[in-house]
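Reading the structure
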Amino acid sequence: MKLDFDREQLLDVIDRIVERTMRMDLTWDWPCGVAYFGIAETYEKTGNEKYLRMLKDRVDELIDLGLPKVWTVNACAMGHCLITLYQATREQKYWDLILSKTAYLEKEALRFGDHVLQHTVSAKNDFPEQAWADTLFMAALFLLRVGVSAGDQELIEDALNQWYWHINYLQDETTGLFYHGYNNIEKNHMSGIYWGRANAWAAYTMSKVGSILPECYLYPKYMDVAGSLNEQLSALKLLQTPNGLWRTVLDDDESYEEISASAGIAAAMAERGNPLHTRYVNLAIKGLLENVTEDGRVMNVSGGTAVMRDREGYREISRRWIQGWGQGLALAFFSAVLVADHNDKDGAL
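We now turn to the structure provided with this report.

What counts, and where the lines are drawn
Residues numbered from 1 in each chain as written. Predicted model: local features only at pLDDT ≥ 70, side-chain atom pairs only at ≥ 80, totals over all residues. Heavy atoms only, no water. Helix = DSSP H or I, 4+ residues; strand = E, 2+ residues; numbered from the N terminus. Rg over C-alpha atoms; globule rule 2.2 N^0.38 Å. Buried < 20%, exposed > 50% of the residue type's maximum accessible area, 1.4 Å probe, protein only. Contact = heavy atoms within 4.5 Å. Areas by Shrake-Rupley, 256 points an atom, 1.4 Å probe, with all protein chains shown as cover. Salt bridge = Lys/Arg side-chain N within 4 Å of Asp/Glu carboxyl O. Core = buried A, V, L, I, M, F, W, Y, C linked by side-chain atoms within 4.5 Å.

A few points about the overall build of the chain
In terms of helices and strands, the chain carries 13 helices and four strands. Its C-alpha atoms give the chain a radius of gyration of 18 Å, within 12% of the compact-globule value 20 Å for 349 residues. Along the longest, intermediate and shortest principal axes, the C-alpha atoms of the chain span 45 × 45 × 40 Å. Taken across its 349 residues, the chain has 60% of its residues classed as buried. Excluding contacts between residues fewer than 6 apart, the proportion of contacts in the chain whose partners are at least 24 apart in sequence is 71%. Here the chain has roughly 14,000 Å² of accessible surface; of this, 47% comes from carbon and sulfur atoms.

Here is the structure:
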């Protein structure tokens, strides 16, 4: 990919986003998990020790204050920064928490069908037998990273199984796009909306699998991940707006441009590294930069969004406030751009 950006400008923007993110009062749940994932990615791709220190100090503070008594699928998103902290420091407390989250997902989390994780946001059975694209970031990517780190083939296979079934449940073979959710009891996609951030969760996580999983081509289910991603990105590129962004309802010209979805989709393209996507990533760089304030707030990020009843429900979600997932996905995108020429590829898959 021949990306067009000013490296020093991008590093400055990244620094401002990290600083602003650390001023947020984020607690141990998925908004914090996505935000700190972004900071961890930035540390890993820039080598800036300041970001590691900031992350460590805050996570240690949260641990000292006391953690939730019950894990959820969403809260497992915090596992991402714990992996980075453990790999950097080798402090056992981080690994113990990682194992606690892994044990929850493997032994306690609600599942349906062929061992598919039900999306959960609390200790209640919030969404019986529903698969949401969000789970791919909060749990599947986490399980894959732990499985590879620990050399645990069962965890790796479980992670790949989550992608396999979420692809089967959520991806429309005609359009290549992902629905937000699937109800296994009613056998439908509920409102049937191609939600922008759902497509970002799917695309971004699938784009990471090949670089994380050694010899990915030896796992049959990885072929579905690669094929699904290729189909999805070839559809998403056609829905990019002239501003380099994607809408909160992808195929709805009356819905607003949404920055967390745009960052996640563009990050997937940068991670995947197909040279034919260069023009779309370059346009996204410009569009994303225009949505970062001087003090590092990522603007126009939609609030927390359930599977809404209809198209209007998605259109009306507020985008007024700073959100952890907006900060984190923007960092994931900008840091991916910095190293796009050095990404490991999986050949022609």
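With respect to the pattern of salt bridges
Under the defined criterion, the tally for this structure stands at 24 salt bridges. Measuring nitrogen to oxygen at the nearest pair gives 3.4 Å for the salt bridge that ties Arg111 to Glu106. For Glu106, a relative accessible area of 28% gives the class partly exposed. Asp251 is the partner of Arg311 in a salt bridge, and the nearest nitrogen-oxygen pair spans 3.6 Å.

Considerations on the nonpolar core
Nonpolar side chains tend toward joint burial in soluble globular proteins. Grouped together as the largest cluster of nonpolar side chains are 127 residues, with contacts concentrated most on Tyr36, Val59, Leu105, Phe137, Trp163, Phe333 and Phe334. Looking at which element gives the most residues to this core, the answer is helix H6 (residues 134-150), with ten residues. In this structure Val59 touches Trp28, Tyr36, Cys81, Leu82, Leu85 and Tyr94, once residues within four positions along its chain are discounted.

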